[in-house]
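The primary structure of each chain is shown beneath.
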Amino acid sequence: YDVTNNIAFIMDALSEDRTTSPEGEVVYHRNSVLKGLAQLSTVLKGIRNPGKISKGVLPGLQLQKCIHIAMDAIQNGHKIIEKVAEKKLAGKRTLTVGSEGDMFGGDAEVDAAEEGVDEFWRQWKYYCKVHAEAHAVIESAMIQPIVWAMLTPSFQNQLSNLNSLFCPLLQKFYRSFNHINIARKDEFGFIPAPMSAVVKGSSCDAQVAEAAIQQLVSRISPSSEAFLSKRFVACKQLQQALVLHCADATGFLPMNTELAIYGSSANNFGAEGADLDMCLILPPSYAAVEQDAEKRSQIIERLGDALSKIGMLNVKTRATARIPIVEFKDPLTGFDCDISMKNPLALRNTSLLRLYSDLDSRVRSLAFVVKHWAKARHCNSPIHGTLSSYGFILCVLHFLQNRPVPVIPNLQALPADWTDHIPPHTMRGSSQEWFMHASDGSLCDTYYYTPTNAASFDMLTSFAKRNTETIFELLVEFFRYFAWNFDYKRQVVSIDAIDYTLNGSEPVVWKIDKAEKDGWMQHDRLSIEDPFEKWYDVAHVVKPTQMHHIRKEFLRAFTICSRIVREEEPDSIPGSIS
C-alpha cells in the first residue's frame, strides 16, 4: 500500500462532517466513522513499509490520529452502552429490536414509553458496530509488526490497555474488568469461565468425569456392527421386494437395480432411532434416464406407488424436489425411510465421514456426546433455527483437525501417494474425483485419501494416536473452542481448509472469500462449508436469536466442565450437561 496517501484518505473519511457539541465534545458523522474504521483495518493489514514523511508529518503520527478517533468513539459509546445496562437493572420492559449484526444484545431492555427511545436505540446499535470495528483496527495494529513499530511506546501502552478491556463475547469495550463481568452476568445469567481456564485431565475429578463420559457413550451410541447390520438387511430385503414387484407388475425398474444406504445409518454417527436413507442406483445403461429430470420425477412417482403396494406405510413422494425423494415407514422394522434418486454426492459424503469415524474411537465418541448435549440444550433443531446433527458432526471434525496435535488429518488434502513422513497440512494432493451434482449438473470434486491396504490405514490411525487427550479433555476443549476461540465473524467451519493464518500454523477458510466466490452473506453467525458442495452453507438455517442461544450454551458447557476440576464461587448455572 501507499501508506501515506491511504492514511491521509482515511483521516479525511473519519473527519468528514465533524461537528462540536454544545458541551465542547467533538462529534463525528456516524457513517464516516464506520466507513473509515473499516478501511483503516484493511489498510493496516496490508502495510509492508513505514511510508514517508508528507508535509512534515510522520505517517506514524498521522496513523495515531486516525486511531485516536476510534478511541474517542469507543469512549463516547460507553455512555450509551452502560445506559442500556442501567435500564436492565432498573427492570424496564423489553423492547425487541435486535439486528443480525449483533450476536449478543439482540434484545435490549429500554423504556418504550421514554421520549426519544428510537434515537437512543439507533445510537446503541451504532456504537456496538463502532466498538467491533474499532477492535478490528486495534487488533490489526497489534499483530502487524511494521504498524506497531510506527507507533510511539506510550501510544502502544494505551492501545494494549484498551484492548484488554474488549470483551470478545459481547463484542464491546468496557471501562474496567468489573464492568465486563457485570455485563456478562447480565447477558448470560452467569460469569463464563475465562478463555484461559486450565482444565487438567490428570486430576481425580477429571478422571471421574472421563469415566462418566465413557459410560454415557456406551449408553447413547449403538454397536456399530449391529446397527449397520440391521439396516443393511432391511435395505436388501426392500431392494429385493421392489425389484421383483416392479419386474412382474410394471417393469420400470431393471432387475439389477440397487439400493445403497447413505447418511447417519451408514456414516457411523447415527443414533438408534436414525432414519434409513437410501439411494436408488440404476444400471449404467440407464444413465440417460438419470440425467433427465422429468424421467427421474416419473420414476419417483411410480416408486411411491410400488412401495404402497408392497406394504409400506405413510408413503409420500416429493418428485419435484431438488433431489427427488419418496418417504415412507417400513412396518417390519419400524424404520422411517426415504429413497432418493441419483444422489452420488450423498454416498461419497457418507464414505468420507465413515472413514473419519474409523480413524480413532474418540472421533465417534466425541460426536455422540456433543449431539447428546445439543439435543438436551435445544441446539439441534434446524426447523427451529438451530443446527442440524450433520452440522455438529462437521464442527467436531473441524475441531479435531485443529487441535495443537491434530487427532485427524484433512483427508481431502492428502495426496493419493501420501506417506507418514509428509505432514498432512503441508501440501495438497493433485488428485481429483469429479461427480455431477444431481440438481444443477455442476461438477464437485469428491476426492479424499482412501487407504488401499492395512498399512496405509495404519498410517492414519498412527497419526491419530499422536494426540493423547481423553474424551473429557477433548470435550472441554471443544466447548472452549466454540465458546471463545472460533472467530464467528471472519471464519468458516471447514474440514477441507487449505488457506493459512499469518503464522502458517492453522488452516482457515475466510468468510470474505466465501462471500466473493459463493455469494455467502456476511454476518457473525456460524457458517459451515459442506465438504463437497463448497457453495453450500450447512449452517444457513441458524437464526440470529438462536445463534445467541447456541453460543451461550457453548459458554455454559465450558464453564460447567471447567468447574469440575477447580473450585469456583457458586452462581446461577443450573443442571448438568448429561
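Reading the values: rules and limits
Residues numbered from 1 in each chain as written. Predicted model: local features only at pLDDT ≥ 70, side-chain atom pairs only at ≥ 80, totals over all residues. Heavy atoms only, no water. Helix = DSSP H or I, 4+ residues; strand = E, 2+ residues; numbered from the N terminus. Buried < 20%, exposed > 50% of the residue type's maximum accessible area, 1.4 Å probe, protein only. Contact = heavy atoms within 4.5 Å. Areas by Shrake-Rupley, 256 points an atom, 1.4 Å probe, with all protein chains shown as cover. Phe/Tyr/Trp six-rings, centres within 6.5 Å; stacked < 30°, edge-to-face > 60°. Lys NZ or Arg CZ within 6 Å of the ring centre and 35° of its normal. Salt bridge = Lys/Arg side-chain N within 4 Å of Asp/Glu carboxyl O. Pairing = 2+ DSSP bridges. 1 Å grid on protein atoms, 1.4 Å probe; cavity = no way out; pocket = protein on both sides within 12 Å on 5 of 7 lines; lining within 4 Å. Points joined across faces, edges and corners; volume = space filled by probe spheres on them. Axes fitted to C-alpha atoms, helices over the stretch in contact; angles between N-to-C directions. Parallel < 35°, antiparallel > 145°, perpendicular 65-115°, else oblique. Nonpolar A, V, L, I, M, F, W, Y, C, P; charged D, E, K, R; others polar. Core = buried A, V, L, I, M, F, W, Y, C linked by side-chain atoms within 4.5 Å. Left-handed = near helix turned anticlockwise from the far one by under 90°.

(A) Spotlight on the overall build of the chain. Within the chain one finds 18 helices and 16 strands. In the chain, buried positions account for 51% of the 578 residues. Counted over contacts in the chain with a minimum sequence separation of 6, partners at least 24 positions apart contribute 65%. Working note: accessible area of the chain is about 26800 Å², and carbon and sulfur atoms make up 54% of it.

(B) Up close: the packing of aromatic side chains. A full pass over the atoms with the stated rule returns 17 aromatic pairs. Note on Tyr481 and Phe486: the rings are 5.9 Å apart at their centroids and 50° apart in plane angle, and the pair reads as tilted. Here Phe486 falls in the buried class, since its relative accessible area comes to 3%. Among the aromatic residues, those joined into a ring-pair cluster are Trp373, Phe392, Phe399, Phe478, Phe479, Tyr481, Phe482, Phe486, Tyr488 and Phe554. When the ring centre of Phe335 is taken as origin, the NZ or CZ atom of Arg231, which lies over that ring, is 4.4 Å away. In this structure, Lys514 packs its charged tip against the face of Trp520, placed 4.8 Å from the ring centre.

(C) Quick peek at the pattern of salt bridges. Enumeration over the complete set of coordinates arrives at 14 salt bridges. For Lys230, the salt bridge is made with Glu272, and the minimal N-O distance between the two is 3.1 Å. Of this pair, Lys230 sits in helix H9 (residues 224-250) while Glu272 sits in the loop between strand S7 (258-262) and strand S8 (276-281), and the two are 42 residues apart along the sequence. Residue class for Lys230 comes out partly exposed when judged on its relative accessible area of 44%.

(D) Broad picture of the pairing of strand S10 (residues 325-329). Here four bridges tie strand S9 (residues 313-318) to S10, and the two strands are oriented antiparallel to one another. Bridge pairing links Leu313 to Lys329 in S10. Two successive antiparallel strands, S9 and S10, enclose a turn made up of six residues. Two strands pair when backbone bridges link them, and S10 and strand S11 (residues 336-341) are joined in this way by five bridges, in the antiparallel orientation. Looking at S11, one finds that Ile325 is bridged to Ser340. What sits between S10 and S11 in their antiparallel hairpin is a turn of six residues, with Gly334 showing a positive phi close to 80°.

(E) Region of interest: the layout of surface pockets. Its volume calculated, the second largest pocket comes out at about 1500 Å³. Around the second largest pocket, the lining is made up of 49 residues, and of these Tyr262, Gly263, Ser264, Asp277 and Tyr390 lie nearest the centre. The biggest single contributor to the lining of the second largest pocket is helix H12 (residues 344-359), with six residues.

(F) Geometry of the packing of H12 against helix H15 (residues 454-465). Axis separation between H12 and H15 bottoms out at 9 Å; the angle between their running directions is 60°. On the basis of their axis angle, the class for H12 and H15 is oblique. Contact residues: Leu355, Asp358 and Leu359 in H12; Phe457, Leu460, Thr461 and Ala464 in H15. A per-class count over the contact of H12 with H15 returns five nonpolar, one polar and one charged.

(G) Spatial organisation of the nonpolar core. Of all hydrophobic cores here, the largest spans 121 residues; its most connected members are Phe482, Leu526 and Phe554. Residues contacting Phe482, with those up to four places away along its chain left out, are Cys395, His398, Phe399, Tyr488, Val493, Arg551 and Phe554.

(H) Fine view of the sheet that holds S11. Spatial strand order, S7-S8-S11-S10-S9: five strands in an open sheet with mixed pairing. Either end of the sheet is taken by a strand with one partner, and the two such strands are S7 and S9. The average angle at which neighbouring strand axes cross in this sheet is 25°, direction not considered. In this fold H12 packs onto S7 and S8, with an angle of close to 50° to the strand it touches most, S7.

(I) Layout of unusual backbone geometry. One non-glycine residue with positive phi stands out, namely Asn314, at about 50°. Here Asn314 shows up in strand S9. The phi dihedral of His378 is positive, around 60°, even though this residue is not glycine. By secondary structure assignment, the location of His378 is in the loop between helix H13 (361-376) and helix H14 (389-401).

(J) Representation of the pairing of S8 within the structure. The element S8 is largely enclosed, with a buried count of five among its six residues. Sheet topology note: the S7/S8 ladder contains five bridges and is antiparallel. Bridge pairing in S8 links Leu259 to Leu280. Of the strand pairs in this sheet, S8 and S11 are connected by five bridges, and their pairing is parallel. Among the inter-strand pairings, Cys279 is bridged to a residue of S11, identified as Ser340.

(K) How the structure looks around the packing of H13 against H14. Their axes nearest at 10 Å, the elements H13 and H14 cross at an angle of 135°. Classified by the angle their axes make, H13 and H14 are oblique. As H13 runs across H14, the sense of the crossing is right-handed. Across the interface between the two elements, Val363, Leu366, Ala367, Val370, Lys371, Trp373, Ala374 and Lys375 from H13 touch Ser389, Phe392, Ile393, Val396, Leu397, Phe399 and Leu400 from H14. Per-class residue counts for the contact of H13 with H14 are 12 nonpolar, one polar and two charged.

None of the figures reported here should be taken as evidence of function without further support.
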